[in-house]
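Commentary on secondary and tertiary structure
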Amino acid sequence: MSGAIKKRVGVATIIVLAAAMLVVSAIFIKPREKVATLVNADKLMAGASTSGVWDTRFADKVMKTVFFALVLTSDEYTQQNAEALEALRSWAAREFHRDPRFLHPVILPAPVANSTFVNSSVYSLLASPYYGLRSLSGDFLSWRMEQFSQSRAFHTFTKNCFEFFGEEPEAAAMLARYQSDRAFAAIDSMLAFCYFLLALLISRIPVRFLKEKAAYWRAPLGQLESAGIAAELAYGTFVVAGFYFLQSVIQEALAGQSLLACLLSIGLGLYVLFPVKIFADRETVFCLRSSLTVRTVAACAFLFLSLLVVQLLNWLKQGSLTAPDPLTLIISGLTGDFIHEPSQSKKTLALVISSLWALALAFTLKTVTRRDGVSSAEVAKRLSESDGLKSSSTLKG
């Protein structure tokens, strides 16, 4: 009895201290994201980032010009540069329409998602490390873009850009701002990539723990075969649920969809770990522990994997230069090229994803079509061995 009391007191103490830490962090800590420029326009043209006079003629040129060029010489970058220039012009025209002075903005702090106590609490606890990780990701992207700026592909594009928009500071500032905005959009995608990569690297530890829990639940039923695959599926769904939860508290526009996906992922994970059966008669409803066969868990895992694959393939098919998808932003961040469409890399990635899904399909079909118990071939083999033993014993007798 005293042990139970001590345990309750300990849990209550932890809850009180956690609440106190939350309030203290809200009182004394004011996290703020560091404003940084990922691409320096002065490296493209001297004085491009500090020119304080807004040239209205350049904005008119961008918004009213129809893309047309006479190509006298061509190389391997001609087609890519033509598409990239049109994407740059479309983006700049849209930004000039919103704010004619967007190339030299006055940066004001933007409000964060604090409309619910969940948003506010998560912000108080995780805003500082989140901004720190964003800063590190920004430094990495800035380094990769600096490396790309020394390539022939970048120099060819800047030459075409200045030929089209004019060799003036506003054109250099526009190109630098274009790269910076796309790089900033890629930061959250890069952090998500690191999140899933870290979850994969440490997966053995939580999967082992979840397998023990699944085996404990199934032990009275004597059906432990599905404990391993159930633990792996549950861990995958919990990782995805954690991602959707963080997305819901960071981006309020996606809160409803993200929370729904989070709850569905958690529900699937808990069910495959601790399956139950519900029996109802006229008076009572019984909820009893149950077990799932390896076939059922494998089918659930394949369904969950297929839904994720569909999302990834739709990203790769629908993403474009003017509206890049998260996978395109990750590829661009790794290469440092936020100007050209990584078409070949996207095709290769789609092929890899499709191949892995095909392997998963073959494994799942093999699992769900496998017969339980001993196969007929194995039975025939054992019978023949038994007949052989009987014949040899008879001859000896």
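We now turn to the structure provided with this report.

Parameters and conventions
Residues numbered from 1 in each chain as written. Predicted model: local features only at pLDDT ≥ 70, side-chain atom pairs only at ≥ 80, totals over all residues. Heavy atoms only, no water. Helix = DSSP H or I, 4+ residues; strand = E, 2+ residues; numbered from the N terminus. Expected span 1.5 Å × (residues − 1). Buried < 20%, exposed > 50% of the residue type's maximum accessible area, 1.4 Å probe, protein only. Axes fitted to C-alpha atoms, helices over the stretch in contact; angles between N-to-C directions. Parallel < 35°, antiparallel > 145°, perpendicular 65-115°, else oblique. Left-handed = near helix turned anticlockwise from the far one by under 90°. Contact = heavy atoms within 4.5 Å. Nonpolar A, V, L, I, M, F, W, Y, C, P; charged D, E, K, R; others polar. Phe/Tyr/Trp six-rings, centres within 6.5 Å; stacked < 30°, edge-to-face > 60°. Lys NZ or Arg CZ within 6 Å of the ring centre and 35° of its normal.

Given a rise of 1.5 Å per residue, 14 residues ought to cover 20 Å, and the 20 Å separating the end C-alpha atoms of helix α5 (residues 152-165) matches this to within 8%. Of all the positions in α5, only Ala153, Phe154, Thr156, Phe157, Thr158, Cys161, Phe162, Phe164 and Phe165 are classed as buried. Gly166 sits one or two positions beyond α5 and adopts a positive phi of about 100 degrees.

Close contact between α5 and helix α6 (residues 169-201) brings their axes to 10 Å; oriented N to C, the two are set at 130 degrees. Comparing their axes, α6 and α5 come out oblique. Here α5 runs over α6; the crossing is right-handed. Facing Phe154, Phe157, Thr158, Phe162 and Phe165 of α5, the residues of α6 in contact are Ala171, Ala172, Met174, Leu175 and Gln179. Counted by class, the contact of α5 with α6 contains eight nonpolar, two polar and no charged residues.

Summed over the entire model, instances satisfying the criterion amount to 11 aromatic pairs. Taking 5.7 Å as the distance between ring centres and 70 degrees as the angle between the ring planes, the aromatic pair formed by Phe148 and Phe154 counts as edge-to-face. Assigned by exposure class, Phe148 and Phe154 land together as buried. A centroid spacing of 5.2 Å and a plane angle of 75 degrees characterise the contact between Tyr195 and Phe196, whose relative ring orientation is edge-to-face. Assessed through its relative accessible area of 28%, Tyr195 is described here as partly exposed. Clustering of aromatic rings is evident, with ring pairs tying together Tyr195, Phe196, Phe243 and Tyr244. The side chain of Arg144 reaches across the aromatic face of Trp143, ending 5.1 Å from its centre.

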